[in-house]
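# Summary of the model geometry
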Amino acid sequence: MGRLGAAISTAIAIGIGLLTLIGLLAGDNVPLVNDIADFLLQLVVITTAITVLIGVVNLFSVHARRVGRRDTGWGYSLLVIVATLLVIVLVLLERAGALGGRPSTILFETVQISIESALAGLVLFALVYGAYRLTRRRLTWPTVLFVVVLLLLLLGALPLAGLGPLVSIRDWLMAVPVSAGARGILLGIALGTVVTGVRVLVGQDRSYRE
Amino acid sequence: MDSTTQVITVLILLLALVISLIATQFIRRRRDLVALRSIPAYQSLPLLVGEAIEANRPVHLSFGSATLGGSSTLLALASAELFYQTAQRAAIGAVPPIVTVSDTTAIPLGQDTLRRAYRSRDLLERYPRGSVRWYPAGPRSLAFAAALTATLGDDRVANNVLVGSFGPELALVTEAAARRNQGVIAASDQLEGQAVAYAMSDQPLIGEEIFTAGAYLGESAAQTASVVTLDVLRWLLILAITVPTAIEVVNAITDGRLWQNIGNLARALGGQ
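Residues numbered from 1 in each chain as written. Chains lettered and ligands numbered in written order. Predicted model: local features only at pLDDT ≥ 70, side-chain atom pairs only at ≥ 80, totals over all residues.

### Comments concerning the interface of chain A and chain B
Here is the rule we go by: Placing C-beta atoms from the backbone, we regard two residues as in contact once those atoms come within 7 Å. Only DSSP runs of H or I reaching four residues or more are called helices, and only runs of E reaching two or more are called strands; each is numbered from the N terminus.
In this assembly, 56 residues from chain A lie in contact with 63 residues from chain B. A per-element tally of the side of chain A that touches chain B places helix α6 (residues 164–201) of chain A first, with 20 residues.

Quick look at the structure:
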């Protein structure tokens, strides 16, 4: 992009960014700007819908290239292409009324959700392994604290009699330090978002200048 | 949005804008004015890229479900800046980086990030068009995580930079990377993902550190100024939280409420 192109794209980004921000902040107090902001947000929705097509093209091209080059696991890529084509045909037939019921929904619920549920179960083992790995890799005070708190929380969740104090400690941990830490992280992310947003609004972001 | 929220939002934005512009001018005149604190993840990133180049294997960069046009737009831009810096270093290697996304709006962003990185090295002819991959996410992004675990093995990835929007499914990816002795730098804007990133990555980034990649890995004064702005805003926030709290604590001590509350807490911990 030349200097002129960069200047134009920066001006468009700043202009549209400020207009949308003012429209959202002013609301119905400034109807014209609010309408323009709404229109711009609708454009975002339409553009997002178009990117789904880009995604499908990307999926086919990446996996077709893998099959063509006989890369490791190319058989799975072939399976992805065939399955995608089959689902597209199935949905088209369904929309045309050629098939009874909702086979695409049944397929989604029986295949996708079942597989994802199985993977969700695996996450537990990955997390336990992660805690073990953390203690092996860097045994520091924060690590010890992490493991102790984890054990307290797990023990406090056991449905056994006589664990009253542990349950109280677990509830206090969740309500006070965990909640405070979580808010701290979220506040940090919010501050970072504000600063990045301001950089975009004043044209300091690199992505549309180069 | 009610009028109080509108006023506070405008004030915060104006404050950030003024601090950012002033800091940029100061830093442009005197580079040594600001000493950035060390962040291990950013220190180790060039080493991870160097290892990948020497091993002739790709670096894997993932946005997760960070997206353009949604609430994580600015996170996606921050991730793109980090990936730009990483890809710029990796561009001299024979194997291009792999960028994975689970939202289609991030595909053009990923492609543009790689293109700019290769162009900055005058290597645009080697720009790898097929290196940005969309792996569709299911209802809980677990399908995306499963696809990434396969990618780590099939493409013989050397190291991973997983900075974007991830949930607990990040554990599957980091665990797969650990089994293959691959390095991982991870961070997420979701609390569950961030917790997993802290426990399971070699070098985690926490909270606002995600947004400072340009300052640590780049050379622009504006990006260093954004870190200064972040620090000033953080201190103002700390004051806004601690000063009213301190006043409230002093009031509670003087009227005896503090001891009453401590007694209540002790009774609650005793299970009574």
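Past the structure itself, the notes keep going.
### Quick notes on the domain arrangement of chain B
All names here are of chain B. Going by this rule: A domain assignment, automatic or from a database, supplies the domain bounds used here. Throughout, the ten residues Ala, Val, Leu, Ile, Met, Phe, Trp, Tyr, Cys and Pro are labelled nonpolar, Asp, Glu, Lys and Arg are labelled charged, and all others, Gly among them, are labelled polar.
Domain annotation for chain B reports domain 1 (1–33 + 220–272) and domain 2 (36–219). Centre-to-centre, using C-alpha coordinates, domain 1 lies 31 Å away from domain 2. Counting residues at the interface gives six residues for domain 1 and seven residues for domain 2. In the side of domain 1 that touches domain 2, the residues fall into two nonpolar, four polar and no charged.

### Looking at helix α2 (residues 31–69) of chain A
Worth spelling out the cut-off: For a helix, the expected span equals 1.5 Å multiplied by the residue count minus one. The exposure scheme places C-beta atoms from the backbone and then counts, for each residue, the other C-beta atoms within 10 Å of its own, assigning buried at 20 or more, exposed at 12 or fewer, and partly exposed in between.
For α2 of chain A, which comprises 39 residues, the first-to-last C-alpha distance of 57 Å matches the rise-based estimate of 57 Å (1.5 Å per residue) to within 8%. Every buried residue of α2 of chain A is accounted for by Ala37, Thr51, Gly55, Asn58, His63 and Arg66 of chain A. Structurally, α2 of chain A contributes buried residues whose contacts are with α1 (3–26) and α3 (74–95) of chain A together with α4 (106–120) and β3 (132–134) of chain B. Note on α2 of chain A: the residue one or two positions beyond its end, Arg70 of chain A, has a positive phi of about 55°.

### Looking at the packing of helix α5 (residues 141–156) of chain A against α6 of chain A
Residue and element names in this part refer to chain A. Applied cut-off: Axis definition: a line fitted to C-alpha atoms, over the contacting stretch in the case of helices. Angles run 0 to 180 degrees between N-to-C directions. Oblique is the label for every angle not falling under 35 degrees (roughly parallel), over 145 degrees (roughly antiparallel), or within 65 to 115 degrees (roughly perpendicular). Handedness of each helix crossing follows the sense of rotation of the near helix against the far helix: counterclockwise by less than a right angle gives left-handed, clockwise gives right-handed.
Axis separation between α5 and α6 bottoms out at 8 Å; the angle between their running directions is 120°. Classified by the angle between their axes, α5 and α6 sit oblique to one another. For α5 against α6, the interelement crossing comes out left-handed. Contact with α5, carried on its side by Val149, Leu152, Leu153, Leu155 and Gly156, involves Leu166, Val167, Ile169, Arg170 and Leu173 of α6 and no other residues of that element. Broken down by class, the residue content of the contact of α5 with α6 amounts to eight nonpolar, one polar and one charged.

### Things to note about unusual backbone geometry
Residues and elements named next belong to chain B. Here the phi dihedral of Asn56 falls at roughly 60°; this positive angle occurs in a residue that is not glycine. Inspection of the secondary structure assignment puts Asn56 in the loop between α2 (40–55) and β1 (59–64). A positive phi is found at Asn181, a non-glycine position, where the angle reads about 55°.

### Topic: the sheet that holds strand β5 (residues 183–188) of chain B
For clarity, the cut-off: Pairing between strands is defined by DSSP: at least two bridges between them are needed.
Across the sheet, six strands lie side by side as β3-β2-β1-β4-β5-β6 (chain B); this open sheet has parallel pairing. Sheet topology places β3 and β6 (203–204) of chain B at the edges, where each strand pairs with a single neighbour.

### Thoughts on the nonpolar core
This is how the line gets drawn: Throughout this description, the term nonpolar core refers to a group of buried Ala, Val, Leu, Ile, Met, Phe, Trp, Tyr and Cys residues whose C-beta atoms join them within 7 Å.
Among the nonpolar cores identified, the biggest contains 89 residues, and Ala76, Val163 and Leu172 of chain B are the most heavily contacted of them. Here this core gets eleven residues from one element, more than from any other, and that element is helix α3 (residues 73–90) of chain B. Ignoring any residue separated from it by four or fewer positions in sequence, one finds Leu172 of chain B in contact with Leu119, Leu122, Val123 and Ala126 of chain A together with Ala145, Ala146 and Thr149 of chain B.

### Thoughts on the pairing of β5 of chain B
Residue and element names in this part refer to chain B. Our working definition: Think of it like this: strands point away, you trace from the first strand over the helix to the second, and a clockwise trace means the crossover is right-handed.
The buried count for β5 comes to six of six residues, which makes it a mostly enclosed element. Burial along β5 is two-sided: Gly183, Ile185 and Ala187 and Val184, Ala186 and Ser188, pointing in opposite directions, are all buried. Pairing geometry for strand β4 (residues 159–165) and β5, over six bridges, is parallel. Looking at the pairing, Leu162 lines up with Ala186 of β5. In this view, the connection linking β4 to its parallel neighbour β5 by way of helix α6 (residues 170–179) has right-handed handedness. Pairing of β5 with β6, which is carried by two bridges, proceeds in the parallel orientation. Bridged to Ala186 within β6 is Pro204. Regarding topology, helix α7 (residues 191–200) serves as the crossover connection from β5 to the parallel β6, and that connection is right-handed.

### Some thoughts on α3 of chain B
If you check α3 of chain B, its first and last C-alpha atoms are 25 Å apart, about what 18 residues at 1.5 Å a residue would give, namely 26 Å. With respect to burial, α3 of chain B is a largely interior element, 18 of its 18 residues being buried.

### Looking at the pairing of β1 of chain B
Residue and element names in this part refer to chain B. Across the six residues that make up β1, a large majority, six, are buried. Side-chain alternation along β1 places Val59, Leu61 and Phe63 on one buried face and His60, Ser62 and Gly64 on a second face that is also buried. Relative to β4, β1 runs parallel, the two sharing five bridges. If you follow Gly64 over to β4, its bridge partner there is Ser165. Viewed along the sheet, the connection from β1 through α3 into strand β2 (residues 98–101) turns out right-handed.

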